[in-house]
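Structure assessment
Here's the letter readout for the chains.
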Amino acid sequence: MTTDGTAPPAGRDGTAAVRPVPEALAGTPPEPAVELMVHGVGGTTPEKMLEDARTTRVTGDATASVYRRTEDLADRPWGDTGPVREAYIWCNLTSGNGARALWLLLLPFTIVNLAHWMRPAAPGPRRTDRLYDTLVRLTALSLTVLLAAGACAVSLDLLAWQCAASAACAEGTSWIEPFGPGHGWWAQPGRRLALAAVVPLALIALLWWLSHRTWSAYESASPPVRPRPDGGDHARLSLPGFWYGRALVARLRATHVTVALLTVAAALLTATGPYDRGGQGSTPLAVCGWLLLAATVAGGCVVAVQQARHGRTEEEPDDRPEPSVTRTLPRAAMVLLLLVVVHTGWSRPDWAATGRHPAGSAVFPALTLVQGALVVAVALAAHRLHRQARSADRGALGGLGGACVAMLACGLGGVLTGGVAQHLADWLDPSAAPGEPGAAIAGPPVLLSWEASVIPLLLVVVLGLAVAALLHARRSKKRLAASVRDQYPDESCEPLRERSDRIASAVARASLTDHAPVLVGWISGACLVFGLTAVAGSLTGDSPSQAAADSPAVLSFTADACQALGSWLMGIGVVLLLAMGRRAYRDTASRRTIGILWDIGTFWPRAAHPFAPPCYAERAVPDLSWRMGTWVDSTGGRLIISGHSQGSVLAAAAVWQLDAATRSRIALLTHGSPLARLYGPWFPAFFGPQALDALHRDMPRWRNLWRATDPIGGPAGGGDPPVDRGPLPDPMHYGRNLQRPLPEPILGHGDYEEDPAFIQERAELFRALGHAPLAVPAQQGQAAEQQGP
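Residues numbered from 1 in each chain as written. Predicted model: local features only at pLDDT ≥ 70, side-chain atom pairs only at ≥ 80, totals over all residues. Heavy atoms only, no water.

**Comments concerning the overall build of the protein chain**
A tally of regular secondary structure across the protein chain gives 26 helices and eight strands. Out of the 789 residues belonging to the protein chain, those deemed buried represent 53%. Sequence separation of 24 or more characterises 79% of the internal contacts of the protein chain that already satisfy a separation of 6 or more. Counting only carbon and sulfur atoms, one obtains 62% of the accessible surface of the protein chain, whose full area is about 33600 Å². (Helix = DSSP H or I, 4+ residues; strand = E, 2+ residues; numbered from the N terminus. Buried < 20%, exposed > 50% of the residue type's maximum accessible area, 1.4 Å probe, protein only. Contact = heavy atoms within 4.5 Å. Areas by Shrake-Rupley, 256 points an atom, 1.4 Å probe, with all protein chains shown as cover.)

**A look at the pairing of strand S4 (residues 85-89)**
For a regular strand, side chains alternate in direction, first toward one face of the sheet and then toward the other. Within S4, five of the five residues are buried, leaving the element largely enclosed by the surrounding structure. In S4, alternate side chains face the same way, and those of Arg 85, Ala 87 and Ile 89 on one face and Glu 86 and Tyr 88 on the other are all buried. With four bridges connecting them, strand S1 (residues 33-38) and S4 associate as parallel partners. Paired with Met 37 across the two strands is Ala 87, which belongs to S4. (Pairing = 2+ DSSP bridges.)

**Focus on a nonpolar patch on the surface**
The grouping of Leu 565, Trp 568, Ile 572 and Leu 576 at the surface amounts to a nonpolar patch, some 390 Å² of accessible area in total. Mapped onto the elements of the fold, Trp 568 is located in helix H17 (residues 553-586). (Patch = residues over 30% accessible without salt bridge, like charges linked within 9 Å, V, L, I, M, F, W, Y side chains within 5 Å. Salt bridge = Lys/Arg side-chain N within 4 Å of Asp/Glu carboxyl O.)

**A look at the side chain of His 256**
Of note, His 256 is situated in helix H7 (residues 246-276). With residues near it in sequence (within four places) discarded, His 256 still touches Ala 140, Leu 141, Thr 144, Gln 307, Ala 608, His 609, Pro 610 and Phe 611.

**Examining the packing of helix H3 (residues 127-163) against helix H10 (residues 360-388)**
Helix-helix packing is described using two parameters, namely the angle between the two axes and the distance between the axes. Between H3 and H10, the least distance of the axes is 9 Å, while the angle of their chain directions is 160°. Classified by the angle their axes make, H3 and H10 are roughly antiparallel. For the crossing formed where H3 meets H10, the hand is left-handed. Considered class by class, the residues forming the contact of H3 with H10 number 18 nonpolar, six polar and two charged. (Axes fitted to C-alpha atoms, helices over the stretch in contact; angles between N-to-C directions. Parallel < 35°, antiparallel > 145°, perpendicular 65-115°, else oblique. Left-handed = near helix turned anticlockwise from the far one by under 90°. Nonpolar A, V, L, I, M, F, W, Y, C, P; charged D, E, K, R; others polar.)

**Focus on the packing of helix H8 (residues 283-308) against helix H9 (residues 324-345)**
Orientation of H8 relative to H9, taken along the N-to-C sense of each, is 155°, at an axis distance of 11 Å. Looking at the two axes, H8 sits roughly antiparallel to H9. For H8 against H9, the interelement crossing comes out left-handed. Across from Leu 285, Cys 288, Gly 289, Leu 292, Ala 295, Thr 296, Val 302 and Gln 306 in H8, the residues of H9 making contact are Val 325, Leu 329, Leu 336, Leu 339, Val 340 and His 343. Looking at the contact of H8 with H9 residue by residue, the classes come out as ten nonpolar, four polar and no charged.

**As for the nonpolar core**
Core analysis: the largest hydrophobic core is formed by 154 residues, its most contacted members being Tyr 88, Phe 603, Trp 604, Ile 641, Leu 650, Phe 683 and Phe 687. The biggest single contributor to this core is H3, with 19 residues. Non-local contacts of Tyr 88, meaning those with residues more than four positions away in its chain, are made with Leu 36, Met 37, Val 38, His 39, Ala 64, Ser 65, Val 66, Leu 93, Arg 619, Ala 620, Asp 623 and Leu 624. (Core = buried A, V, L, I, M, F, W, Y, C linked by side-chain atoms within 4.5 Å.)

**Some thoughts on the pattern of salt bridges**
Throughout the structure, instances matching the rule amount to 22 salt bridges. Close ionic contact of Asp 133 with Arg 119 constitutes a salt bridge, the shortest N to O distance being 2.3 Å. Here Asp 133, found in helix H3, pairs with Arg 119, found in the loop between helix H2 (107-116) and H3; they are 14 residues apart in sequence, far enough to count as distant. Look at the salt bridges and you will find they share partners, linking Arg 68, Asp 75, Glu 86 and Arg 627 into a network.

Following this line, the structure appears as structure tokens:
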């Protein structure tokens, strides 16, 4: 960039011209050099990264910052023994307050947001791409409808409609008893329903607040953009508007809040409609109900149309003003809901609640079928992209990774909804299973009972896959153990069976990561089969226990056990999910275990669901790219950005955002990197072989270190010069020797910086930068030209 903010001239091949070093700068002192380190999952401290107790924050805030050793605050040339190092600490973007574990309860939203980014990398027109995006957004919208409908099933159906109408249930629950039958003003079902609507409304308000709060902290912070003047077809992560989702998240939030409010309104109207249109109903109330229902349906159609138009704009930062429809839709839906609440609470003296809520038996099966149809449509769109893509960029599961993940999101949403509803029904009426003879209440909608009952069956499938994986690892261990000693030809010690077994076991366990697509495929297929089974079972109108009551004893016992066990497991599961999430945020060891999955989920912008956890990369990537760019501009020096694990993904994304002149002074060193091993198969359009080849062309000085014992990191691809160095020996020594008298540990995913290969490659990269044609920062170059020779 020049001092007036314009781009440097482009070369004949369309790439940015690299400015020659002015003669006036010849003979100047050696250029300053720095290594910018980016940690991975689990987080760390600047003192640990910099190996010094005295560190100083150079730039940033309490959430994400760049630190240096206090003695290295002044820039200086590179030294192999004591390089100037900076540490970018970003762990507070994804951890900290234990209350963030509540995000785990919104896991289906996170998963469906991932599906948006899992399309195959198809070249050419993006019509199918846009269709894929629209279908995923509609699937995400259906999950919001499911959440609101589940809240209505709990508050409107189980509490206000069933328990409050049953003397036996109301008397057993002290806080419901004042609203039970025979208690005057609240005895009418419509008034209880109007009051119970506060529960789903409060849930919607909470989700809106969380989304708006994180939107203000992440997406609304406009990242500085360094324009890329070089032409050509670049990776999509290099687009200047990729990490700026402010406008899109605002529009998505408006439509999802609107559809949630409309779902509550529809639940109220389907309760009053049958009575108002019956023989004892009131014609004016029936007419008002029809008008309100028509307005609700019209609002849903508007939301669906808006959802189809919510595409991402990545070529430039989307700083368009918020559309008027974005502000109008939630307000209009809120006004409509208030009118529906008044209509529902209107006096109907002869109205009595019996059985289940009128809408429950039809809404949930229909919603499940709609979700199934959307997932199938996503699969068809993905298959079309898969056929258009290069064979290397088709992704996991034959390009159907996004569809399988969307299926998992829908299945998990249904299981969570069914489990919570079934558990609450059992708690309200512990004397008997809901719906059975002698029970005080009819129980949750039939489909939710069936969905809760399939939880044990799904766990059996998962356990079977886990056993198969362990057996595969055991067989691999036996096969690998015989060749472990041969990997250390320079050592003279004899083979040790126990030592070889441990190393082979570590390699075998690490290789299980490559079988993750098979695991996801089987689980998503099981979700599809169990979902269809649950829908078919719900058509009988009976819960699993009731449907199997007249069956043979074994089948009847199995149905009763699955229904009871599913309810119990769901209650325990929610508690364990919260406890595990809280522990992961507070405990480093636990976070390393599950952190990689969580950090992959929250790495991507919220492009499908606004209630998913916020994208930390929308802060981290601009931080890194801006730090590299401004440091090079101000010093004219050389820089290596070294990233470990998830930090390597952030480093690669940040490098993609730089212009060619800045990249000419930067090298990339990745270690324990999931770029090709995890991100490549699941996100081929963004990290597939074609994208990584483009990164290597942009960054010819890129080296990647990996170990066979690392379950996360792996090779990043070929290239000339080659990118990868590995597999590195792990442990570094097989046996004891004079320099290493104690057994060396198996490092796996950690401590790459301690390996001599890391130190050697880092020094080689700095030397390569010194011999490369470098651009001079515009300010220095112009000043030198003005001074003359």
